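# Structural features, examined
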Amino acid sequence: MSAIDIAKNYIRAAQTGDQALLAHTVSPTVVWHQPGANRFSGTHQGLAAVGAMIGGMMEVSQGTFAITEARHYMQNGDWVAVTIAFRGERAGASLDQTGVDLLRIADGKVAEVFLFSSDPAQEDHFWG
């Protein structure tokens, strides 16, 4: 399976909530770099920590946070960049923007993730 195929499986799993595919696609030792200056920002290590962070995001957004589009998949060696759009709603705030997910693929799994947001201030306000 190519790095692009692995990245597509990861995005598909994230979009559909397919936990089995997500667990199969993401390394248990994944390192996740969440941007910004909000409660979820920083480096999260391991699938359990990343799962807890995403669970917190779903709680804050009342289950509305989602990747709504994934358009371009670009590979450079072990790295795949994906242009995305994402959104969420919560009382008093909304989140609707584009970004880039940069994924390092190792041993057939997503081993490291760097996220980039087009409007970090909006994202920080949304997550608090």
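Residues numbered from 1 in each chain as written. Predicted model: local features only at pLDDT ≥ 70, side-chain atom pairs only at ≥ 80, totals over all residues. Heavy atoms only, no water.

## A word on the sheet that holds strand β5 (residues 93-106)
Judged by pairing direction, the sheet is mixed, and its 6 strands sit side by side in the order β2-β1-β6-β5-β4-β3 without closing on themselves. Whereas interior strands pair on both sides, the edge strands pair on one side only; in this sheet they are β2 (42-45) and β3 (66-76). Within this sheet the neighbouring strands show an average axis-to-axis angle of 20°, counted without direction. Relative to strand β6 (residues 109-117), strand β1 (residues 26-34) runs parallel, the two being bridged by 4 bridges. Directly across from histidine 33, in β6, lies its bridge partner phenylalanine 114. The strands touched by helix α1 (residues 3-16) are β1, β3, β4 (79-90), β5 and β6; relative to β3, the strand with the most contacts, the crossing angle is about 170°. (Pairing = 2+ DSSP bridges. Helix = DSSP H or I, 4+ residues; strand = E, 2+ residues; numbered from the N terminus. Axes fitted to C-alpha atoms, helices over the stretch in contact; angles between N-to-C directions. Contact = heavy atoms within 4.5 Å.)

## Considerations on the side chain of glutamine 97
Relative to the elements of secondary structure, glutamine 97 occurs in strand β5. In contact with glutamine 97, not counting residues within four places along its chain, are Ile84, Ala85, Phe86, Ser117, Ser118, Asp119, Gln122 and Glu123.

## Side note on the nonpolar core
Among soluble globular proteins, nonpolar side chains are generally buried collectively. By size, the foremost hydrophobic cluster in this structure holds 31 residues, and its most contacted members are Tyr10, Leu103 and Val110. For this core, the secondary structure elements donating two or more residues are α1, α2 (19-25), β1, α3 (47-60), β4, β5, β6 and α4 (120-127). Element by element, the count of residues in this core is highest for α1, at 7 residues. Apart from residues no more than four positions distant in its own chain, leucine 103 is found in contact with Ala7, Tyr10, Asp78, Trp79, Val80, Val82, Val110, Glu112 and Val113. (Core = buried A, V, L, I, M, F, W, Y, C linked by side-chain atoms within 4.5 Å. Buried < 20%, exposed > 50% of the residue type's maximum accessible area, 1.4 Å probe, protein only.)

## Some details on α4
Regarding α4, the residues found buried are Glu123, Phe126 and Trp127. With its buried residues spanning 85° around the axis, α4 presents them on a single face. Of the exposed residues in α4, those oriented more than 90 degrees away from the buried face are Ala121 and His125. Turning to α4, the residues buried within the fold contact β1, α3, β4, β5 and β6. (Arc of directions from axis to C-beta.)

## Regarding the pattern of salt bridges
Opposite charge on two side chains permits pairing when their charged atoms draw close. Within this structure, the stated rule accounts for 3 salt bridges. For glutamate 69, the salt bridge goes to arginine 71, with nearest N and O atoms at 2.7 Å. Note on glutamate 69: relative accessible area 34%, which makes it partly exposed. Two residues, aspartate 96 and arginine 87, come together in a salt bridge whose shortest N-O distance is 3.6 Å. (Salt bridge = Lys/Arg side-chain N within 4 Å of Asp/Glu carboxyl O.)

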